[in-house]
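Summary of structural features
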Amino acid sequence: MNRAQNASQPAKSTLNLGLKHRNTFGFDVSAELAYEITAPEQIPGVITEVAERKMVWRVLGGGSNVILPNVLPGATLLMNIAGQEIIATDKEASFIGVGGGVNWHEFVTWALENHFHGLENLALIPGTVGAAPIQNIGAYGVEIADYIDYIEAFDTMAHAFVTLSKEACQFAYRDSYFKQNPNRFIVTKVVFRIPKTWQARIHYADLAQQFANNPNPTPEDIFLAVCKIRMYKLPAPNVIGNAGSFFQNPVIPNEQYETLLKKHTSLVSYPDAPGKRKLAAGWLIDQCGFKGQRMGDVGVYENQALVLVNHGGGTAQDILGLAKCIQDKVHREFGVSLEIEPNIL
Ligand code: EPU
């Protein structure tokens, strides 16, 4: 269906829609009222309607970074805007516009197949293209911010479509202007700038190990290696429900880091902003003995302590209960606070 046809149709709405298959934790939840957004032009009407009815609302992409309650009150906008086009190309780069509802990994695969290289380190990250810039998804030394040119969104405060340059998006580690202004912008399209020159980025420990005997991997080699590592460390959501990393890697002052390191010599950490150090939350949780542990229907993944899982039948309450146990123990052991990464709705 093209945009012109779509535009003439209002968004389809459904009462009490089950979302078990639209959240990667696989929680058995339902949305009081769901709107299926297939074209940007449908958004102003939906926003006007929910405002008139004084309903709370939120946007749901792939549901891969959210913790949903049993019932989602008010309106849920299911972001299904499709489409992918090469907008322009110059000597240095190609510019590709992608609809907010496109599956992230499908876009990464398409880019690789069409010789747009650079996104391969971000393969297999669950979720949609529209959700990806909100938390500035990143993996294996690359962040989506590195490749964004501009973003088109509906600004619900101004009730108008806006274009935000990369600078205006204020990207930082798992953070952006969108995340700082929750529920204000609805991302409809992301325009990527993919440089024509390409360099392998395999400095990240796990990747470096894969290429110990191959210092000149191709983008395809990296794509396959990233898929292999992720498939080992992160359970496939359709097999075991999860939302990727459940906690952010905490950033602490250097002095605190030095003190911790004296006591815990194998502490895993990365350099961060001047005067600061980023700790591997997975290591902290692992040291507390949580890896592979189960608490009722939820648990900590056996191959990666940073991933909390739903073994089936778990709820938001269960997962938050487990998260609290982990946060308390890590705080007692290391004096470090862990922040929950996915959005709690
Ligand atoms: N570690 C352990 N035990 C564990 C897990 C990790 O000791 O159970 C230690 C290991 O030494 C490991 C280190 O912690 O080398 C770091 O772990 P890992 O390499 O698995 O990466 P991470 O820092 O835990 C981050 C991102 C991931 C991203 C990977 C790869 C965050 C919160 N997480 O994980 O992002 O895929 O790096 O770049 O920044 C996500 O955000 O959902 C996500 C999966």
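Residues numbered from 1 in each chain as written. Predicted model: local features only at pLDDT ≥ 70, side-chain atom pairs only at ≥ 80, totals over all residues. Heavy atoms only, no water.

**Some thoughts on the site of the ligand**
The local shell around the ligand holds 24 residues, among which Tyr-140, Tyr-173, Asp-286, Gln-304 and Ala-305 are the closest. One nitrogen or oxygen atom from the main chain of Tyr-140 is found 2.6 Å from an oxygen atom belonging to the ligand. One nitrogen or oxygen atom from the side chain of Arg-174 is found 2.9 Å from an oxygen atom belonging to the ligand. Summarising the interface, the protein chains cover 84% of the accessible area of the ligand, which totals 830 Å² for the free molecule. (Near = heavy atom within 4 Å. Polar contact = N/O pair within 3.5 Å; in protein donor to acceptor, adjacent residues only side chain to side chain. Areas by Shrake-Rupley, 256 points an atom, 1.4 Å probe, with all protein chains shown as cover.)

**What to know about the pairing of strand β10 (residues 148-155)**
Bridging between β10 and strand β12 (residues 185-195) involves 7 bridges; their strand directions are antiparallel. The partner of Phe-154 across the bridge, within β12, is Ile-186. Relative to strand β11 (residues 160-165), β10 runs antiparallel, the two being bridged by 6 bridges. Note that in β11 the partner of Ala-153 across the bridge is Val-162. From the end of β10 to the start of β11, which pair antiparallel, there are 4 residues, and His-159 there has a positive phi angle of about 50°. (Pairing = 2+ DSSP bridges. Helix = DSSP H or I, 4+ residues; strand = E, 2+ residues; numbered from the N terminus.)

**Remarks on helix α3 (residues 104-113)**
Buried within α3 are the following residues: Trp-104, His-105, Phe-107, Val-108, Ala-111 and Leu-112. The buried residues of α3 occupy one face: seen down the axis, they fall within an arc of 160°. In α3, the exposed residues that point more than 90 degrees away from the buried face are Glu-106 and Glu-113. Packing partners of the buried residues in α3 comprise β6 (84-89), β7 (93-99), β12 and α6 (219-233). Looking at where α3 begins, the residue whose side-chain oxygen comes 3.1 Å from the main-chain nitrogen of His-105 is Asn-103. Among the residues trailing α3, His-115 stands out with phi positive, at a value near 65°. (Buried < 20%, exposed > 50% of the residue type's maximum accessible area, 1.4 Å probe, protein only. Arc of directions from axis to C-beta. Contact = heavy atoms within 4.5 Å.)

**What to know about the environment of Ala-88**
By the secondary structure assignment, Ala-88 is in strand β6. When the C-alpha atoms of Ala-88 and Arg-193 are compared, they prove to be 9.5 Å apart, with 105 residues separating the residues in sequence. Ala-88 has contacts with Ser-94 and Phe-95, leaving out every residue within four places of it along the chain.

**Examining the sheet that holds strand β15 (residues 269-271)**
Read across the sheet, 3 strands follow the order β14-β16-β15 without closing on themselves; strand pairing throughout is antiparallel. Unpaired on one side and paired on the other, β14 (251-253) and β15 mark the two borders of the sheet. Ignoring strand direction, the axes of neighbouring strands in this sheet form an average angle of 35°. In this sheet, strand β16 (residues 276-279) lies alongside β15 in antiparallel orientation, the contact comprising 3 bridges. (Axes fitted to C-alpha atoms, helices over the stretch in contact; angles between N-to-C directions.)

**Quick word on the sheet that holds strand β2 (residues 30-37)**
If you walk across this open sheet you meet the 4 strands as β1-β2-β5-β3, and the pairing is mixed. In this open sheet, the two strands that pair with only one neighbour each are β1 (12-18) and β3 (57-60). If you compare each strand with its neighbour and ignore which way they point, the axes differ by 30° on average. Relative to strand β5 (residues 71-79), β2 runs parallel, the two sharing 7 bridges. Bridge pairing in β5 places Ala-31 opposite Leu-72. Packed onto the sheet, helix α2 (residues 43-52) meets β2, β3 and β5 and runs at close to 150° relative to β2.

**Points about the domain arrangement of the protein chain**
Looking at the protein chain, the domain boundaries give domain 1 (3-79), domain 2 (84-195) and domain 3 (241-344). The gap between the C-alpha centroids of domain 1 and domain 2 is 21 Å. Listed as interface residues are 15 residues of domain 1 and, on the opposing side, 14 residues of domain 2. On the domain 1 side of the contact with domain 2, Ile-43, Trp-57 and Met-79 bury the most area, a combined 39% of that side's loss. There are 3 residue pairs in polar contact (both at pLDDT 80 or more) connecting domain 1 and domain 2. Sort the elements by how many residues they give to the side of domain 1 that touches domain 2 and α2 lands first, with 4 residues. (Domains from an automatic or database assignment. Buried area = accessible area lost by both parts, 1.4 Å probe.)

**Comments concerning the packing of aromatic side chains**
Under the definition given, this model contains 13 aromatic pairs. Seen in terms of ring centroids, Phe-154 and Phe-161 are 5.0 Å apart; in terms of plane orientation they differ by 65°. Their pairing is edge-to-face. Seen from their ring centres, Tyr-177 and Phe-185 are 5.6 Å apart, and the 45° between their planes marks the pair as tilted. Feature note: the residues Trp-104, Phe-107, Trp-110, Phe-116 and Phe-192 constitute an aromatic cluster, connected by ring pairs. The ring of Tyr-173 is capped by Lys-278, whose NZ or CZ atom sits 3.3 Å from the centre of that ring. (Phe/Tyr/Trp six-rings, centres within 6.5 Å; stacked < 30°, edge-to-face > 60°. Lys NZ or Arg CZ within 6 Å of the ring centre and 35° of its normal.)

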